[in-house]
Amino acid sequence: MIVLLLSILVLSACQQMDTPIAESATAQVPSENLEVAIFAGGCFWCTESDFDKIPGVVSTTSGYIGGTVINPTYKQVSAGRTGHVEAVQVHFDKSKTSFSKLLAAYWLTIDPLTPNQQFCDIGSQYRSAIFYLNPDQKELAEASKKALKASGRFTQPIVTEILSASEFYRAEEYHQDYYIKNPLRYGYYRKNCGRDKRLEELWGTEH
């Protein structure tokens, strides 16, 4: 019984710790250096994990954006009932990285050729998209997409959307830092979804 109670307390603590940690991390960066970007690249567990590896990224938050329902739930979004996209809000330190660098890193984590799908996850809620928060981000995102098209790497159209950011809704706590809380389940999901295999096909060793 004692072991069970301790397990419950530890689990509860893990589920409640994300917001304070994220707030603490962003608080350590001067406000003038802090900027926000929002990217959708399929399952937000994977997108969050990929962006957390980038130097200069202060915190990441999994959530939903682009739909019509207020405070949507994962069940609603994953069923494709709300118009939302699974996305990740990225806080980054402009003195250590830039939106342009995040864009360059983002492309290598997605399949930009397949509409309304990322790897094994199918539906418009899993499509790839860049959500800009200001005119500068829009210009940089469009230039980045145009450069990828002009590179000649792909003969197929680049279908990743560039959209104005609407309200971003934070996902349920068990989704935050899922890859850290549940490394075995996350690893199993990522492998079986074929994400890294497809990324290697598209980008080679760059990803």
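What counts as what
- Residues numbered from 1 in each chain as written.
- Predicted model: local features only at pLDDT ≥ 70, side-chain atom pairs only at ≥ 80, totals over all residues.
- Heavy atoms only, no water.
- Helix = DSSP H or I, 4+ residues; strand = E, 2+ residues; numbered from the N terminus.
- Buried < 20%, exposed > 50% of the residue type's maximum accessible area, 1.4 Å probe, protein only.
- Contact = heavy atoms within 4.5 Å.
- Areas by Shrake-Rupley, 256 points an atom, 1.4 Å probe, with all protein chains shown as cover.
- pLDDT = per-residue confidence, 0-100.
- Salt bridge = Lys/Arg side-chain N within 4 Å of Asp/Glu carboxyl O.
- Pairing = 2+ DSSP bridges.
- Axes fitted to C-alpha atoms, helices over the stretch in contact; angles between N-to-C directions.
- Core = buried A, V, L, I, M, F, W, Y, C linked by side-chain atoms within 4.5 Å.
- Disulfide = S-S within 2.5 Å.
- Parallel < 35°, antiparallel > 145°, perpendicular 65-115°, else oblique.
- Left-handed = near helix turned anticlockwise from the far one by under 90°.

(A) Region of interest: the overall build of the protein chain. Regarding its fold elements, the protein chain presents nine helices and eight strands. Taken across its 207 residues, the protein chain has 44% of its residues classed as buried. Within the protein chain, contacts between residues at least 6 apart in sequence are counted, and of these 76% link residues at least 24 apart. Within the structure as shown, the protein chain displays about 10,900 Å² of accessible surface, and the carbon and sulfur contribution to it stands at 57%.

(B) Geometry of the confidence of the model for the protein chain. Averaged over every residue, the pLDDT of the protein chain is 90; the share at 70 or more is 87%. pLDDT under 50 marks residues 1-18. Its contacts with residues more than four places away, or in other chains, come to eight contacts.

(C) Structural view of the pattern of salt bridges. The tally for this structure, following the rule as stated, stands at six salt bridges. In this structure, the salt-bridge partner of Glu 173 is Arg 170, at a minimum N-O distance of 2.9 Å. We classify Glu 173 as partly exposed; its relative accessible area is 26%. A salt bridge links Arg 190 to Asp 196; the nearest nitrogen and oxygen atoms lie 3.0 Å apart. The exposure class of Arg 190 is buried, given its relative accessible area of 10%. What makes Asp 196 partly exposed here is its relative accessible area of 32%.

(D) Summary view of the sheet that holds strand E1 (residues 34-41). Spatial strand order, E7-E6-E1-E3-E2-E8: six strands in an open sheet with mixed pairing. Two strands lie at the open edges of the sheet, namely strand E7 (161-164) and strand E8 (168-170), each paired on one side alone. Across the sheet, the mean angle separating the axes of adjacent strands is 35 degrees when strand polarity is ignored. Where strand E2 (residues 57-65) and strand E3 (residues 85-93) come together, eight bridges link them in antiparallel fashion. Bridging from a neighbouring strand, Val 57 pairs with Phe 92 of E3.

(E) Up close: the nonpolar core. If you look at the biggest cluster of nonpolar residues, it comprises 40 residues, and the most contacted ones within it are Phe 39, Leu 102, Trp 107, Ile 130 and Trp 203. It is helix H5 (residues 99-107) that contributes the most residues to this core, five residues altogether. Setting aside residues up to four positions removed in sequence, Leu 102 forms contacts with Ala 37, Phe 39, Phe 51, Ile 54, Val 57, Val 90, Phe 92 and Thr 97. One finds Ile 65, Ala 87, Phe 131 and Phe 168 within the second-largest nonpolar core, a separate group that totals eight residues.

(F) Structural context of the state of the cysteines. Considering all chains together, one arrives at one disulfide under this definition. Residue Cys 120 pairs covalently with Cys 193 via a disulfide, S to S 2.0 Å. Handedness here is read from the sign of the S-S torsion; for Cys 120 and Cys 193, about -105 degrees, the answer is left-handed. Placement of Cys 120 in the loop between strand E4 (117-118) and strand E5 (121-122) and of Cys 193 in the loop between helix H8 (183-192) and helix H9 (195-203) is noted, with a sequence separation of 73 residues between them. Cys 46 supplies the cysteine sulfur nearest to Cys 43, a cysteine that is in no disulfide, at a spacing of 4.4 Å. On the accessibility criterion, Cys 46 (0% relative accessible area) is buried.

(G) Representation of the packing of H5 against helix H6 (residues 135-150) in the model. Remark: H5 packs on H6, axes separated minimally by 10 Å, with the N-to-C direction vectors making an angle of 40 degrees. Judged by the angle between their axes, H5 and H6 are oblique. Judged by the sense of rotation from one axis to the other, the crossing of H5 with H6 is right-handed. Counting all contacts with H5, which are made through Phe 99, Ser 100, Leu 103 and Trp 107, the residues of H6 involved are Gln 137, Leu 140, Ala 141, Ser 144, Lys 145 and Leu 148.

(H) Representation of unusual backbone geometry within the structure. For Phe 119, which is not a glycine, the phi torsion comes out positive at approximately 60 degrees. One can find Phe 119 in the loop between E4 and E5. The class of Phe 119 is buried, set by a relative accessible area of 10%. For Asp 177, which is not glycine, the phi torsion reads 55 degrees and is therefore positive. With respect to the helices and strands, Asp 177 occurs in the loop between E8 and helix H7 (178-181).

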